[in-house]
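# Notes for the structure review
Spelled out from the first residue to the last, the chains are:
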Amino acid sequence: MQIIQITIIAIVGVLFALTLKKSNPQLCMLLSIVVSICIFTFILGRISILLEVIEKLKNLTKLSDGSMRIVLKMIGITYLSEFTVGFCEDAGFSNIGTQVELFSKVAILILALPAVEAFLNLIASVVV
């Protein structure tokens, strides 16, 4: 199970970082980046499984490729921004993380606008 590997990497990385924190903060930050990248590569390796499941769901629900593409973009934006915000906060730059979070929310809102418009048009056609 990869969760055990990820847990071990995270715990060992944190223990090393705690040891280095007072004596060498720059190396501590570098270690944090390396551990984060290692865990992120595990995530990227699992993306193919996620895409297969999403493809099956798309076929079951008869959603268009465009709709599924929008959903995938939203998921990608969410995970990447969460990773970036966490990294920025750990580095002591929470203000930058807040800006990344705001940008990701706006990007997701922009992606959702066509779906909201279609929903409102559907409601309008039923009411009229």
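Structure: above.
Values in this document were obtained by computation on a predicted structure and should not be read as measured data.

Within the chain, the secondary structure is distributed over 4 helices and 0 strands. What you see for the chain is a C-alpha radius of gyration of 20 Å, clearly larger than the 14 Å of a compact globule of 128 residues, by over 25%. Each principal axis of the C-alpha atoms in the chain carries an extent, and together these give about 70 × 35 × 15 Å. A burial count over the chain gives 13% of its 128 residues as buried. At a minimum sequence separation of 6, the contacts of the chain that also span at least 24 residues come to 52%. Carbon together with sulfur atoms contributes 73% to the accessible area of the chain, which is approximately 9,700 Å² in total. Taking the average place of the 9 positive charges on the side chains of the chain and the average place of its 8 negative ones, the gap between the two points comes to 4 Å.

Turning next to the environment of Cys-28. Tracing the sequence through the fold places Cys-28 in helix α2 (residues 25-61). Between the C-alpha atom of Cys-28 and that of Phe-16, which follows or precedes it by 12 residues, the distance is 7.8 Å. In this structure, Cys-28 is in contact with Ala-17, Leu-20 and Lys-21, ignoring residues within four places of it in sequence.

This part takes up the environment of Phe-83. Relative to the helices and strands, Phe-83 resides in helix α3 (residues 65-90). Residues Phe-83 and Leu-113, spaced 30 residues apart in sequence, show a C-alpha to C-alpha distance of 25 Å. Apart from residues lying up to four places away in sequence, Phe-83 is in contact with Ser-36 and Phe-40.

To continue, consider the layout of surface pockets. As a volume, the largest pocket reaches approximately 870 Å³. Around the largest pocket, the lining comprises 29 residues; the ones closest to its centre are Ser-36, Ile-39, Phe-40, Ile-43 and Phe-83. Counting residues per element, the ones that place at least two in the lining of the largest pocket are α1 (2-20), α2 and α3. In terms of residue class, the lining of the largest pocket is built from 20 nonpolar, 5 polar and 4 charged.

Attention shifts here to α3. Since there are 3.6 residues in each turn of an α-helix, residues three or four apart along the chain are aligned in direction. With 26 residues, α3 extends 37 Å between its outermost C-alpha atoms, agreeing within 8% with the 38 Å of an ideal straight helix rising 1.5 Å per residue. Residues of α3 that are buried include every one of Met-68, Ser-81, Val-85 and Cys-88, and no others. On its buried face, α3 is in contact with α2 and α4 (94-127). Downstream of α3 by a residue or two, Gly-92 has a phi angle that is positive, lying close to 90°.

For Ser-104, the position within the fold is in helix α4. Judged by relative accessible area, which is 7%, Ser-104 ranks as buried. Side-chain polar atoms of Ser-104 contact the side chain of Ser-81, separated by 3.4 Å. Ignoring anything within four residues of it in the chain, the contact list for Ser-104 reads Ile-77 and Ser-81.

Each value, and the rule that gives it
Residues numbered from 1 in each chain as written. Predicted model: local features only at pLDDT ≥ 70, side-chain atom pairs only at ≥ 80, totals over all residues. Heavy atoms only, no water. Helix = DSSP H or I, 4+ residues; strand = E, 2+ residues; numbered from the N terminus. Rg over C-alpha atoms; globule rule 2.2 N^0.38 Å. Buried < 20%, exposed > 50% of the residue type's maximum accessible area, 1.4 Å probe, protein only. Contact = heavy atoms within 4.5 Å. Areas by Shrake-Rupley, 256 points an atom, 1.4 Å probe, with all protein chains shown as cover. Lys, Arg positive; Asp, Glu negative; His and termini not counted. Charge placed at Lys NZ, Arg CZ, Asp CG, Glu CD. 1 Å grid on protein atoms, 1.4 Å probe; cavity = no way out; pocket = protein on both sides within 12 Å on 5 of 7 lines; lining within 4 Å. Points joined across faces, edges and corners; volume = space filled by probe spheres on them. Nonpolar A, V, L, I, M, F, W, Y, C, P; charged D, E, K, R; others polar. Expected span 1.5 Å × (residues − 1). Polar contact = N/O pair within 3.5 Å; in protein donor to acceptor, adjacent residues only side chain to side chain.

Keep in mind these values describe shape, not function.
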